[in-house]
Structure formats: C-alpha cells, structure tokens
Amino acid sequence: MSETLFEKIMAREIPADIVLETETTLAFRDINPRATTHVLVIPKTRYRNVADLAAADPQLLADVISTADEVAKLEGVAASGYRVTFNTGDDAGQTVFHVHAHVLGGQSLGPEASR
Ligand code: AMP
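Residues numbered from 1 in each chain as written. Predicted model: local features only at pLDDT ≥ 70, side-chain atom pairs only at ≥ 80, totals over all residues. Heavy atoms only, no water.

Our next topic: the site of the ligand. Near the ligand you find 17 residues, and of these Asp30, Arg34, Thr95, His100 and His102 are the closest. Within the side chain of asparagine 87, a nitrogen or oxygen atom sits 2.8 Å from an oxygen atom of the ligand. At a separation of 2.8 Å, an oxygen atom of the ligand approaches a polar side-chain atom of histidine 100. Elements with a minimum of two residues in the shell around the ligand: α1 (5-10) and β2 (25-29). Of all the elements, α1 adds the most residues to the shell around the ligand, at 3 residues. Its residues assigned to classes, the shell around the ligand shows 7 nonpolar, 7 polar and 3 charged. (Near = heavy atom within 4 Å. Polar contact = N/O pair within 3.5 Å; in protein donor to acceptor, adjacent residues only side chain to side chain. Helix = DSSP H or I, 4+ residues; strand = E, 2+ residues; numbered from the N terminus. Nonpolar A, V, L, I, M, F, W, Y, C, P; charged D, E, K, R; others polar.)

Shown next as structure tokens:
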C-alpha cells in the first residue's frame, strides 16, 4: 500500500495541529473543520477502514475510541456531547484510506446525515 497523507502527518513531513499523541494513536485537527471541534484520531498502524481495524486489532480500535474521548475532554466538549464517526467508502465520502475517527462537537450537531 502506498503512503497516505496521514503517514506523512505521523512522520511530521506534513504539518498538522496535533492535539494528543499516545503510544498507539495520533489526534490532530481537521484542516477543513465541519464543527467547532473537529479532530481526527488515527491508529499509528494503518488499516483501510474501521471494519478492517476491528477485525485485525480490536484493542487498537478501543485505543482510538479512548483517545477520541480524551480529546473530547481536552477540548471541553465531553460533558456537552460529541460525535465520533468513521467514513467507509464512497457514499460516506471517505477520502483518506487510513482509518480515522472524526471527533465532532462544541455545538449542536443535528442528525447524522442529510438527504
Ligand atoms: P474522510 O473524508 O473521512 O476520509 O476524512 C478525511 C479528512 O481529512 C477530511 O475531513 C479532510 O478535511 C481532512 N484532511 C485532509 N487533509 C488534511 C490535512 N493536511 N490535515 C488535517 N486534516 C486533513
């Protein structure tokens, strides 16, 4: 598999606004935020999507969710509520094929999708 943008961010070859780093995950602000708080959480090991991650390494998926919750606390949105989403495939608009959680909050988010 060729490198994605997120490998370059992990390697610090592309700058990113890093919010939190753990042994197994990295959290950084989305460059095009769709909410007051919009942070991406990636596992340091690459899987194409959340289903592949869950099948291969459930503990690493749990680490991603724990980091998302930690980010929500750091951003001050844990109490008011936040959303964690994983886009998978074309209809969901997945553009980077290194699994990532979108952590969204800081405002009322409305329904999950529009049609
Ligand atoms: P997805 O559409 O679920 O694959 O999400 C990919 C996300 O990466 C989008 O929300 C983009 O805005 C975000 N993104 C693209 N380039 C960068 C970058 N250089 N730094 C931070 N986020 C980025």
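Further remarks concern the nonpolar core. Judged by nonpolar contacts, the single largest core of 15 residues is most densely connected at Ala27, Val39, Val41, Leu53, Val64, Val71 and Val103. Those elements that provide at least two residues to this core are β1 (18-21), β3 (37-43), α2 (50-56), α3 (58-75) and β5 (101-105). In terms of residues, this core owes the most to one element, α3, which gives 5 residues. If near-sequence neighbours (up to four positions away) are discounted, valine 41 is found in contact with Thr25, Leu26, Ala27, Val64, Thr67, Ala68, Val71, Val99, His100, Ala101 and Val103. Among the nonpolar cores identified, the runner-up in size contains 8 residues, and Phe6, Ile9, Met10 and Phe28 belong to it. (Core = buried A, V, L, I, M, F, W, Y, C linked by side-chain atoms within 4.5 Å. Buried < 20%, exposed > 50% of the residue type's maximum accessible area, 1.4 Å probe, protein only. Contact = heavy atoms within 4.5 Å.)

Its identity is not glycine, yet arginine 12 carries a phi of approximately 60°, on the positive side. Summarising the element assignment, arginine 12 is placed in the loop between α1 and β1. Looking at arginine 12, the relative accessible area reads 46%, which means it is partly exposed.

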